[in-house]
Amino acid sequence: MQSTIGSIKTHRLWYLAVGVLAVVLIGLIDRHSGGQSSFMLLYLFPVSLSAWLYGRLCGLITAVASTVIGILPAAVGVAQSATQHRIMADGMIALAVFAMAAFWVTRLKRTIRNEQLLARTDYTTGAVNTRYFHDLTEMEIRRFRRYQHPFTVAFIDLDNFKVVNDSLGHQAGDDVLRIVTQTLRMNLRDTDTVARMGGDEFALLLPETGEEEAHSVLSHLQGHLLAAMRKIKLPVTFSVGVVTYHAVPDTVEEIVRRADDLMYSVKRGGKNRVAFNVVAA
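The rules behind these values
Residues take numbers from 1 onward in each chain, read along the sequence in its written order. Two thresholds apply to this predicted model, a pLDDT of at least 70 for residue-level local features and 80 or more for giving and counting side-chain atom pairs, whereas whole-chain, interface and lining totals are computed over all residues. Working from all heavy atoms in the structure, the side-chain values ignore hydrogens and water. Numbering goes from the N terminus for both helices and strands, where a helix is a DSSP run of H or I of at least four residues and a strand is a run of E of at least two. Residue exposure (1.4 Å probe, protein chains only): buried if accessible area is under 20% of the type maximum, exposed if over 50%, otherwise partly exposed. Throughout, a residue-residue contact means that at least one pair of heavy atoms, one from each residue, lies within 4.5 Å. Two strands form a pair only when DSSP identifies at least two bridges running between them. For helices, the fitted line uses only the C-alpha atoms of the stretch in contact; every axis is such a line through C-alpha atoms, and the angle between N-to-C directions lies from 0 to 180 degrees.

### Section: the side chain of Thr181
Residue placement: Thr181 occurs in helix α7 (residues 170-186). Take Thr181: its relative accessible area is 1%, and that puts it in the buried class. Among all residues touching Thr181, those that are not within four sequence positions of it are Thr125, Ala127, Val194 and Phe202.

Rendered as structure tokens:
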């Protein structure tokens, strides 16, 4: 994890260095030309790059630096007051253009991130959706084939959830789903994934988790979930199927099916229980 963060910081510093170098290089070329040619639009590249990688403030700082460097060649040796005023006016226009570029680039990035988040998130609970869960599981399969580290997938079904919806309404049902999601997240690692698979079914993806850890984590989760339901005085319980993989099937669908089938065997056997299975190497 620390190496990943360090790699991200290194890449960002490299991009920042490229942006600064671009500002200086454009300024030198502009100065060499005697300020007769307009290079101001070229500064949009480092301004936009800084705004995209580091945010609006850094983009604005780069915009100011680009404006100052951009007007220096034209300002050198100018004594006439009228010419100085024209250069300053051009500089203010350039600064406004650069600042708007920084603003819109950061806004575009935020919009793209929000769209990406919506595309992979369940609207009601904030958990990841089925499609993104499948993508993450596919990534985990590839990671397993490289490092041979076990992982665990769990399927959770809410017993008596239909009773809550029928007696108290869908709003109460949605509140239960959100409480379940929050409880799961509070008692799992940041690297674990909570997904809503539809209706009242949830799935968990637990990387680097063998059978002993899976027993401990899911047993505690079952207790926390039941305590959360007792707190709101609802008769909801949880049927859970947990499969730990020391060897992986060829497809995500097979991984999902194994955990799903195990969860349904719990429901057929009386509900409100956690069943465990291991796929050995």
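That covers the picture; the talk isn't over yet.
### Focus: the sheet that holds strand β2 (residues 193-198)
One open sheet accounts for 5 strands, arranged β2-β3-β1-β4-β5; its pairing is mixed. Edge positions in the sheet fall to β2 and β5 (274-279), since each has one partner strand and no second. Between one strand and the next, the sheet's axes are offset by a mean angle of 20°, whatever the strand orientation. As paired strands, β2 and strand β3 (residues 201-206) are joined by 5 bridges and run antiparallel to one another. Across the sheet, Ala195 pairs through a bridge with Ala203, a residue of β3. Strands β1 (151-159), β2, β3 and β4 (237-245) of the sheet are contacted by helix α5 (residues 130-147), whose axis makes an angle of about 135° with β2.

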